[in-house]
Amino acid sequence: MKIILLLLIANLCFFSCDSKSNISSFKIAKPTKIETKIQQTIFIKINTTVESANDRKYELELFCKSLYLDENKKLSWNASKNWKPNKPIAMSIAYFEIENSTDNIAISAFPGDAGGIEPNVNRWRRQLNLFPISIDKMKKDIMYSPFFGEYYIFHETNSNNKSIIAAIIPII
């Protein structure tokens, strides 16, 4: 074993060096930044109360993990058993009412980034009579879906016992 190791080291030393002392340099093109364009944005908004907010947030997280595009590229999901389908409201693709409560869920899908995260969250804040804030001050959880990748869950609450919990899922 020692002889093989010595032969290997001698071989490397003898054959790996060139007698010329030229230093070679190469120019490599700078990698170009890959632009990812958001094709569509999915919004899932739950109107709820402060008391129900934690339960609804958990249901929303499960719902978001169930989302996928079927073979026809149609958005599909598995909703909680207590989410009762109802006729979609304006600009939504699906609408649910949560049984035994006044809570409801609206699901919408828009092309592109649909105006961006900050304006959409501030629109929800205005629905709760809250002032707009910058995106860095917004309470958000960064989540991960095996199908869509990174997405965000926001939770806004007012002093009148009302909450909005919403997910924004960009599809690239």
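See the structure above.
Rules used in this analysis
Residues numbered from 1 in each chain as written. Predicted model: local features only at pLDDT ≥ 70, side-chain atom pairs only at ≥ 80, totals over all residues. Heavy atoms only, no water. Helix = DSSP H or I, 4+ residues; strand = E, 2+ residues; numbered from the N terminus. Buried < 20%, exposed > 50% of the residue type's maximum accessible area, 1.4 Å probe, protein only. Contact = heavy atoms within 4.5 Å. Areas by Shrake-Rupley, 256 points an atom, 1.4 Å probe, with all protein chains shown as cover. Pairing = 2+ DSSP bridges. Axes fitted to C-alpha atoms, helices over the stretch in contact; angles between N-to-C directions. Polar contact = N/O pair within 3.5 Å; in protein donor to acceptor, adjacent residues only side chain to side chain. Salt bridge = Lys/Arg side-chain N within 4 Å of Asp/Glu carboxyl O.

(A) Broad picture of the overall build of the protein chain. Secondary structure summary: the protein chain contains three helices and nine strands in total. Counting from the amino terminus, the protein chain carries its helices and strands in the arrangement α-β-α-β-β-β-β-β-α-β-β-β. When the 172 residues of the protein chain are sorted by exposure, 36% land in the buried category. Long-range contacts, defined as pairs at least 24 residues apart, comprise 51% of the intrachain contacts of the protein chain with a sequence gap of at least 6. As presented, the protein chain carries roughly 12200 Å² of accessible surface, and 57% of it is formed by carbon and sulfur atoms.

(B) Highlighting the sheet that holds strand β4 (residues 83-86). Taken in spatial order, the seven strands line up as β4-β5-β6-β1-β9-β8-β7 in an open sheet, and their pairing is antiparallel. Both outer strands of the open sheet, β4 and β7 (140-145), are each paired with one neighbouring strand and no more. With strand direction ignored, the average angle separating the axes of adjacent strands in the sheet is 25 degrees. The pairing of strand β5 (residues 94-98) with strand β6 (residues 104-111) spans four bridges and is classified as antiparallel. The partner of E97 across the bridge, within β6, is N104. The sheet contacts of helix α2 (residues 53-66) involve β1 (40-49), β4, β5, β6, β7, β8 (149-157) and β9 (162-171), and relative to β9 the element is tilted by about 15 degrees. Helix α3 (residues 117-127) rests against β1, β8 and β9 of the sheet, and its axis sits at about 160 degrees to β9.

(C) Just the environment of N86, in detail. Inspection of the secondary structure assignment puts N86 in strand β4. The sequence separation of N86 and E97 amounts to eleven residues, and the corresponding C-alpha distance is 6.8 Å. If sequence neighbours within four positions are ignored, N86 has contacts with Y95, F96 and E97. Within the structure, the side chain of N86 is placed 3.2 Å from the side chain of E97, a separation counted as a polar contact.

(D) Local environment of the pattern of salt bridges. Evaluation of the coordinates by the stated rule reveals five salt bridges. Across the pair E59 and R56 runs a salt bridge whose closest N-O atoms are separated by 3.2 Å. Of the two residues, E59 and R56 both sit in helix α2, three residues apart, roughly one turn of that helix. Here the two residues E59 and R56 agree in accessibility, since each one is buried. Residue E99 is joined to K84 by a salt bridge in which the shortest nitrogen-to-oxygen separation is 3.7 Å. Placement of E99 in the loop between β5 and β6 and of K84 in strand β4 is noted, with a sequence separation of 15 residues between them. Bridged by salt links that share partners, the residues R56, E59 and D103 form one connected network.

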